[in-house]
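Working through the structure, step by step
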Amino acid sequence: MNFTARAVLAFFLMLVLLSAAAAIGAYRGFSGEKAQVELALNSLAGVLETRIEMGHNLLTVAKRHLSASDPMIQSVVNDLAELSGQAPLLDKARVNERFTLDADALLKALEASPGVQGDERDLGYVTGLLPRGLEQSAKWADAAQYNKAALEFNSRLKGQLNGRLAMLLGVREAELFTMGDSGI
Amino acid sequence: MRKRFIPFLLVLMVFCSFWTFSQAQAAAVDDQAAVIDVNLAGEITELSKLTEDNLGIGLRVLTKHFLGGADVGAFTEKALSGMSGNENLVLLTVIIGEESYHAALGSRAQEMLGREKVENLLTAHFRQPFIRDRAYDRALASFFLALSEQIQSAAGKKLPANKLLLDYAEKTAVRPAVTSAPASPVSWLEGILSDAENSVRNADRYVQETRQAEEGSGKGMSWFQIALIGFVLYKIFGRKKDGRKGCGPFSWILGTWGVSKFFGWRK
């Protein structure tokens, strides 16, 4: 093999090694970032526990003044069952949005009910502690924070050559939570 | 100098003793629901000190508005197990908004009093004023008076003469529950969540992890590193003094800067 052939071979070998290094680097980097996005999604589970607790607190008061078969109570019961179940976290995040609306409707109905109006303690709960607790837990479990992180990751993944390389090697886009998906 | 220092020391000592006293007073009653009269809480603490010093059994009360679906029995047993010297304690947990309660007994208290007797005392002295009348002070005073008598009878010893809780046990006025949320961010949550600290911790973790995920790894090359790489490339492949054609250092640095953007290597 003459000098030119060896030089060309060495040049191609260098290109292959450089490409491999870039690909491995891209894969490792984006895999790590994807793992961080998934970690953020998993930590949403912890805050959803607080939502479940607040839901139980609301039901405790509601069952004293409305029939257990009341559709509004049933909606909240169903939401809590789904939030406590084995559904994927993104589905739970969607149910959490529905729970916010259902809990709000139930609180309004309770506030207007004669039973609560005649009960100083429960009226205090329905107009004071429960709405404030629900609001606080909703702030904590705000899926938009996760969505923002996932969107940033996806734009990095799709907007850079490194990201494209990582996608070729199997790194997928982060899932997004969208209200439209569930038809809620 | 010495004359000035002594009064200062005395004030400091008085302040410290008051502080220690107030800490000790607060120990027997943890009123997270803010429904117990402050003076009653003080009397329960005093009674607990008497029973603890003379008969070896301490009294504890924990109030909350809600437990978030947790079982009051399991919650109380867990809370008792986390208290120091729990084998000598009787802990009564009162959940105002759920209208439920439970008494947990440490091993020595259980041996001395028996679970059945404490349950009977709760039914006879606590249940009606708590659930029907919502007279929380009266319910607690009646129960702890009866319990202290039971402890004295089981121990075969009398407590020093005192009038603790008597006034409250006879009162019939109903004191409404405080249901407005107090100002402190954790304290009002403590009353409605089984473990507010854990909830706050989870919320903080979620915020931190989403922020980290949003920012990405943060790894990338600085301007200086890009310029350095551009310069090294210029030295290897760039224009030479011996006449070899090629770009100058600035072009190489600019090119490296462009390529780093393309690959997403910049910070």
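Here is what the cut-offs are and how they apply
- Residues numbered from 1 in each chain as written.
- Chains lettered and ligands numbered in written order.
- Predicted model: local features only at pLDDT ≥ 70, side-chain atom pairs only at ≥ 80, totals over all residues.
- Helix = DSSP H or I, 4+ residues; strand = E, 2+ residues; numbered from the N terminus.
- Buried ≥ 20, exposed ≤ 12 C-beta atoms within 10 Å, placed from the backbone.
- Contact = placed C-beta atoms within 7 Å.
- Nonpolar A, V, L, I, M, F, W, Y, C, P; charged D, E, K, R; others polar.
- Expected span 1.5 Å × (residues − 1).
- Arc of directions from axis to C-beta.
- Domains from an automatic or database assignment.
- Core = buried A, V, L, I, M, F, W, Y, C linked by C-beta atoms within 7 Å.
- Pairing = 2+ DSSP bridges.
- Axes fitted to C-alpha atoms, helices over the stretch in contact; angles between N-to-C directions.
- pLDDT = per-residue confidence, 0-100.
- Parallel < 35°, antiparallel > 145°, perpendicular 65-115°, else oblique.
- Left-handed = near helix turned anticlockwise from the far one by under 90°.

The helix and strand tally for chain A stands at 8 helices and 0 strands. Along the longest, intermediate and shortest principal axes, the C-alpha atoms of chain A span 100 × 25 × 20 Å. Here chain A, with 184 residues, has 38% of them falling under the buried criterion. Restricting the contact set of chain A to residue pairs at least 6 apart, pairs at least 24 apart contribute 75%.

A count of helical and extended segments in chain B gives 11 helices and 4 strands. By the burial criterion, 36% of the 267 residues in chain B qualify as buried. A separation threshold of at least 6 residues defines the contact pool for chain B, and within that pool the share at least 24 residues apart is 58%.

Moving on, we get to the interface of chain A and chain B. In many reports, interface size means the accessible area that the parts give up when they come together. Contact with chain A, which involves 41 residues of that partner, is made by 33 residues of chain B. Counting only elements with at least two residues in the side of chain A that touches chain B, the list comes to helix 1 (3–65), helix 5 (120–140), helix 6 (143–159) and helix 7 (161–168) of chain A. Top contributing element to the side of chain A that touches chain B by residue count: helix 1 of chain A, with 20 residues. Counted by class, the side of chain A that touches chain B contains 15 nonpolar, 17 polar and 9 charged residues.

Below, the discussion takes up helix 9 (residues 196–215) of chain B. Since the α-helix advances by 3.6 residues per turn, residues separated by three or four positions end up pointing in the same direction. If you check helix 9 of chain B, its first and last C-alpha atoms are 29 Å apart, about what 20 residues at 1.5 Å a residue would give, namely 28 Å. Among the residues of helix 9 of chain B, B:Ala196, B:Ser199, B:Asn202, B:Ala203, B:Tyr206, B:Glu209, B:Thr210 and B:Ala213 are the ones counted as buried. Buried residues of helix 9 of chain B, viewed axially, fall in a sector of 160°; they line one side. For helix 9 of chain B, the exposed residues set more than 90 degrees away from the buried face come down to B:Glu197, B:Arg201, B:Gln208 and B:Glu215. Of the surrounding elements, those touching the buried residues of helix 9 of chain B are helix 1, helix 5 and helix 6 of chain A together with helix 8 (187–190) of chain B. Among the residues trailing helix 9 of chain B, B:Gly216 stands out with phi positive, at a value near 80°.

The domain architecture assigned to chain B consists of domain 1 (26–198) and domain 2 (223–263). Computed over C-alpha atoms only, the centres of domain 1 of chain B and domain 2 of chain B are separated by 77 Å.

This brings us to the nonpolar core. In this structure, A:Leu44, B:Ile44, B:Val90, B:Leu140 and B:Phe144 are the most contacted members of the largest nonpolar core, which totals 98 residues. Ranked by residues supplied to this core, first place goes to helix 1 of chain A with 13 residues. In this view, B:Val90 contacts B:Ile57, B:Leu59, B:Arg60, B:Ala103, B:Leu105, B:Ala109 and B:Leu147; residues no more than four positions away in its chain are not counted.

All right, on to the pairing of strand 4 (residues 100–105) of chain B then. All names here are of chain B. Most of strand 4 sits inside the fold, with 5 of its 6 residues counted as buried. By the bridge criterion, 6 bridges tie strand 3 (residues 89–95) to strand 4 in an arrangement that is antiparallel. Pairing of Leu 91 across the sheet is with Ala 104, part of strand 4. Following strand 3, the chain reverses through 4 residues before pairing antiparallel with strand 4; Glu 99 in that reversal takes a positive phi of roughly 50°.

Attention now goes to the sheet that holds strand 2 (residues 58–64) of chain B. Residue and element names in this part refer to chain B. In spatial order, the strands read 1-2-3-4; together these 4 strands make up an open sheet with mixed pairing. Two strands lie at the open edges of the sheet, namely strand 1 (29–31) and strand 4, each paired on one side alone. Adjacent strand axes in the sheet meet at a mean angle of 10° when their direction is disregarded. Sheet strands in contact with helix 2 (residues 38–55) are strand 1 and strand 2, and its direction is about 150° off that of strand 2.

On average, residues of chain A score 90 in pLDDT, and 96% of them reach the 70 mark or higher. Low pLDDT, under 50, characterises residues 180–184 of chain A; the stretch is placed with 6 contacts to residues that sit more than four places away or in other chains.

Residues and elements named next belong to chain B. Along helix 3 (residues 72–81), the positions that sit buried rather than exposed are Phe 75, Thr 76 and Leu 80. One face of helix 3 carries all of its buried residues, which in axial projection span an arc of 130°. Elements in contact with the buried residues of helix 3: strand 3 and strand 4.

To continue, consider the pairing of strand 3 of chain B. Residue and element names in this part refer to chain B. Along strand 3, 7 of the 7 residues are buried, which leaves the element largely enclosed by surrounding structure. Here strand 3 shows a buried face lined by Leu 89, Leu 91, Thr 93 and Ile 95 and a second buried face lined by Val 90, Leu 92 and Val 94. As paired strands, strand 2 and strand 3 are joined by 7 bridges and run parallel to one another. Directly across from Lys 64, in strand 3, lies its bridge partner Ile 95.

Let's shift gears to unusual backbone geometry. Trans is the common state for peptide bonds, and a negative phi is the common state for residues other than glycine. Residues and elements named next belong to chain B. Notably, Arg 134 is not glycine yet its phi reads approximately 55°, a positive angle. Mapping Arg 134 onto the fold places it in the loop between helix 5 (115–132) and helix 6 (136–155). A count of 19 C-beta atoms within 10 Å places Arg 134 in the partly exposed class. You will see that Leu 165, though not glycine, has its phi angle at about 70°, which is positive. Among the structural elements, Leu 165 can be located in the loop between helix 6 and helix 7 (166–170). Classification of Leu 165 as buried rests on a count of 23 C-beta atoms within 10 Å.

Turning our eyes to something else, we now look at the packing of helix 1 of chain A against helix 2 (residues 71–84) of chain A. All names here are of chain A. In the contact formed by helix 1 and helix 2, the axes pass within 10 Å of each other and the chain directions differ by 155°. The orientation of helix 1 relative to helix 2 falls into the category roughly antiparallel. Here helix 1 and helix 2 pass one another in a crossing that is left-handed. Here Leu 48, Arg 51, Ile 52, Gly 55, His 56, Leu 58, Leu 59, Ala 62 and Lys 63 of helix 1 lie close against helix 2, whose contacting residues are Ile 73, Val 76, Val 77, Asp 79, Leu 80, Leu 83 and Ser 84.

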